[in-house]
Amino acid sequence: MEQKTDGTKVVIGRCETIEEYRKKYYQKNKEKLNAYSKEWRIKNKEHIYAQLNQRVRCECGLSVKHRRLREHRKCSRHINRMKIIDQY
Ligand SMILES: [Zn+2]
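## Concerning the overall build of the chain
Item 1. Within the chain one finds three helices and five strands.
Item 2. Shown N-terminal to C-terminal, the secondary structure of the chain runs as helices and strands in the order β-β-β-α-β-β-α-α.
Item 3. Within the span of the chain, comprising 88 residues, buried residues form 0% of the whole.
Item 4. Taking the contacts inside the chain whose residues are at least 6 apart along the sequence as the reference set, 2% of them involve residues at least 24 apart.

Now the structure itself:
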């Protein structure tokens, strides 16, 4: 296989540019690549979801679900507890 540079593009073989090569590679492996990224998304979704449902200890001392933490920090229960903690 002959490789030469024509300034901006690296030419592989006869007249294939890197982009064409990538396109062909993608076409050839489309199903495999799509299945892989789909699996990755599902796995990550589960992971993120599990993380959001995990209970965490807030600095006020209450245990809150991770996805509720932002809301919780604005609620009066948290604010009051933080006021008490601040007094010490
Ligand atoms: Zn809190």
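After that view, the rundown keeps rolling.
## Description of helix H1 (residues 18–53)
Item 1. Spanning 36 residues, H1 covers only 44 Å between terminal C-alpha atoms, well under the ideal 52 Å at 1.5 Å per step.
Item 2. The sharpest bend along H1 comes to roughly 75 degrees, located at asparagine 29.
Item 3. Among the 36 residues that make up H1, zero are buried, leaving the element largely open to the surroundings.

## Let's talk about helix H3 (residues 76–87)
Item 1. Over its twelve residues, H3 extends 17 Å from the first C-alpha to the last, a length consistent with the 16 Å expected when each residue adds 1.5 Å.
Item 2. When you tally the buried positions in H3, you get zero out of twelve residues, a small fraction of the element.

## With respect to the confidence of the model for the chain
Item 1. Taken over all residues, the pLDDT of the chain has a mean of 86, while the share at 70 or more is 83%.
Item 2. Confidence, read as mean pLDDT per element, is least for strand S1 (residues 3–5) in the chain (54) and greatest for helix H2 (residues 69–74) (96).

Cut-off values and rules
Residues numbered from 1 in each chain as written. Predicted model: local features only at pLDDT ≥ 70, side-chain atom pairs only at ≥ 80, totals over all residues. Helix = DSSP H or I, 4+ residues; strand = E, 2+ residues; numbered from the N terminus. Buried ≥ 20, exposed ≤ 12 C-beta atoms within 10 Å, placed from the backbone. Contact = placed C-beta atoms within 7 Å. Expected span 1.5 Å × (residues − 1). Bend = angle between axes of the 7 residues up to and from the residue. pLDDT = per-residue confidence, 0-100.

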